[in-house]
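# Architecture and fold: a report
Chain by chain, the residues run as shown.
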Amino acid sequence: MERVFNFSAGPACLPLEVLEEVQKELVNYSSSGMSVMEMSHRSKTYQAIIDSAEASLRKIMSIPENYKVLFLQGGASLQFAMVPYNLMTKNRKAHFVNTGAWSQKAIEEAQKLGEANIVASSEDKTFNYIPELSSSMFTPDADYVHITSNNTIYGTKFNKLPDVNGLPIVSDMSSCILSEVINVSDYAVIYAGAQKNIGPAGVTIVIIREDLIGNAPSSTPTMLDYKTHSDKGSMFNTPPTFAIYVAGKVFDWIDKQGGISAIQKINEKKAALLYDYLDSSSLFRGTVVKRDRSLMNVPFVTGNDELDAKFIKFASDNGLVSLKGHRSVGGMRASIYNAMPIEGVEKLVDCMKTFEKENK
Ligand SMILES: *Cc1c(COP(=O)(O)O)cnc(C)c1O
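Numbering of residues begins from 1 in every chain and follows the order in which that chain's sequence is written. Totals for whole chains, interfaces and linings use every residue, but because this is a predicted model, local features are given only for residues with pLDDT of at least 70 and side-chain atom pairs only at 80 or more, for both listing and counting. Side-chain numbers come from the whole structure's heavy atoms, not from hydrogens or water.

### With respect to the site of the ligand
Whether a residue is near a molecule or strand is decided by its heavy atoms; if any one of them lies within 4 Å of it, the residue is near. Close to the ligand lie 13 residues, the nearest being Ser 77, Thr 152, Asp 172, Gln 195 and Lys 196. Here a polar contact is recorded for every N or O atom pair within 3.5 Å, except that within protein the pair must consist of a potential hydrogen donor and a potential acceptor, and residues adjacent in sequence are included only if both atoms are side-chain atoms. Within the backbone of Ala 76, one N or O atom sits 3.1 Å away from an oxygen atom of the ligand. Contact distances for the ligand include 2.7 Å between an oxygen atom and a side-chain N or O atom of Lys 196. A run of DSSP states H or I qualifies as a helix once it reaches four residues; a run of E qualifies as a strand once it reaches two. Both are numbered from the N-terminal end. Element by element, the count of residues in the shell around the ligand is highest for helix 3 (residues 75-87), at four residues.

### Looking at the pattern of salt bridges
The term salt bridge refers to a side-chain nitrogen of Lys or Arg lying within 4 Å of a carboxyl oxygen of Asp or Glu. Inspection of the entire model under this criterion finds 16 salt bridges. A salt bridge links Lys 68 to Glu 210; the shortest N-O distance between them is 3.9 Å. With Lys 68 in strand 2 (residues 67-72) and Glu 210 in the loop between strand 10 (204-209) and helix 5 (226-231), this residue pair connects regions lying 142 residues apart in the sequence. For Asp 279, the salt bridge identified is with Lys 290, shortest N-O distance 3.8 Å. Highlighted residues: Asp 279 in helix 7 (residues 259-280) and Lys 290 in the loop between strand 11 (285-286) and strand 12 (297-301), separated in sequence by eleven residues. Type-normalised accessible area, obtained with a 1.4 Å probe on protein chains alone, sets the label of each residue: buried when under 20%, exposed when over 50%, and partly exposed for intermediate values. Given the relative accessible area of 40%, Asp 279 is considered partly exposed. Residues joined in a network through salt bridges with shared partners are Glu 21, Glu 25, Lys 249 and Lys 256.

### A few points about the domain arrangement of the chain
Parsing the chain into structural domains produces domain 1 (16-256) and domain 2 (258-358). In this entry, domain limits derive from an automatic or database-based domain assignment. The gap between the C-alpha centroids of domain 1 and domain 2 is 27 Å. Contacts between domain 1 and domain 2 engage 27 residues on the former and 25 residues on the latter. Here the quantity called buried area is the accessible surface, traced with a 1.4 Å probe, that two parts lose on coming together, added over both. Here domain 1 and domain 2 share an interface that buries about 2200 Å² over both sides, 53% of which is from carbon and sulfur atoms. Summed over the three residues of domain 1 that lose the most area to domain 2, namely Ile 153, Gly 155 and Ser 179, the buried surface amounts to 21% of that side. On the surface where domain 1 and domain 2 come into contact, there are zero salt bridges. Across the contact surface, domain 1 and domain 2 share 19 residue pairs in polar contact (both at pLDDT 80 or more). Going through the elements one at a time, helix 2 (44-61), strand 7 (156-157) and helix 6 (241-256) are the ones with two or more residues in the side of domain 1 that touches domain 2. Its residues assigned to classes, the side of domain 1 that touches domain 2 comprises eleven nonpolar, ten polar and six charged. Residue contacts follow a heavy-atom distance rule, with two residues in contact if any of their heavy atoms lie within 4.5 Å. In this count, Pro and Cys sit with the nonpolar residues alongside Ala, Val, Leu, Ile, Met, Phe, Trp and Tyr, while Asp, Glu, Lys and Arg are called charged and the others, Gly among them, polar.

### Concerning the packing of helix 2 against helix 6
The geometry of helix 2 relative to helix 6 is characterised by a closest axis approach of 8 Å and an angle of 40 degrees between their N-to-C directions. The angle between helix 2 and helix 6 places the two elements in the oblique class. By crossing handedness, the relation of helix 2 to helix 6 is classed as left-handed. Side by side, helix 2 and helix 6 meet where Tyr 46, Ile 49, Ile 50, Ala 53, Ser 56, Leu 57, Lys 59 and Ile 60 of the first sit next to Thr 241, Ile 244, Tyr 245, Gly 248, Phe 251, Asp 252, Ile 254 and Asp 255 of the second. Axis geometry follows a simple rule: fit a line to the C-alpha atoms, using only the stretch in contact for helices, then measure angles between N-to-C directions, giving values from 0 to 180 degrees. Each angle gets one of four labels, with under 35 degrees taken as roughly parallel, over 145 as roughly antiparallel, 65 to 115 as roughly perpendicular, and the rest as oblique. Note on convention: near helix rotated counterclockwise from far helix by under a right angle means a left-handed crossing. Clockwise means right-handed.

Pasting the structure below:
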């Protein structure tokens, strides 16, 4: 079996152990005589699968009792709308930090329901940094503050949470959830599409403080009200059963690695390997301001479009695929999520060194 090192930003690589377990169970799950894909979501067997996935996520993230975990559909993109429907209810205003395309999409959706106030933006430099933030920007006349913790396209991340004067913080963690230890209680809502660092596309995780559920106006479409899903244990309608099953296995895999703190150490090592090389290279350079560099998405360029294309081809010929950067940044982007083994990053750096020598 030939597997490549897949640096895709999402859907992205999954742990091989998880894929192999899924393969073993694919046609006959736990002596049920059927695949999880064929199973009623109302069955006892499936209830045990979703319960175990939630328990495992609660364990690895140390999610406090007063937070609900929801398994939803619609991607992180639906959360851009669901959050304001449910939280923009008192002042009809929220503060946003604009750190890129995903923040902008969240802003556009919120503007349909109220005032989306942009407190700061890094648009002036193609979002290659996180703007300086001070508590005075976060006036108390807003219902919440929205940030994108890790900016998948540009490769920046918030290394510390801003002081927001005690306002609830909502974070889009689609590309960094489970990558490093966080304190869930610092947030009011955390949401993430699964296809970056959790599992297959199709399920979206929402972690929400209980008191923020049940405040949506009665005109809210039923499916967009967090209460609908919270009251029914994410089973108001058919949930994305197979994606939840695989996500549960990924949570268990993280637990077996020693939890998120152990994974974080490996992630830091992987990122340092790549960034240290980028800082020493005379051909390649990273595009992000050093202090705001992401652990998960590493954009880099040669400064020459032809050389970039040549490198992407060279890497692909060596079993390192999906390294093409997002069209708004150009060059290359290596997404090094939890499931990317350190060997993949080592091989990438070796490949870059060889290419550098041959293309001086
Ligand atoms: C990929 C991504 C999204 C979009 O996710 P969907 O699940 O496709 O809607 C939103 N935010 C961030 C930070 C992302 O990386």
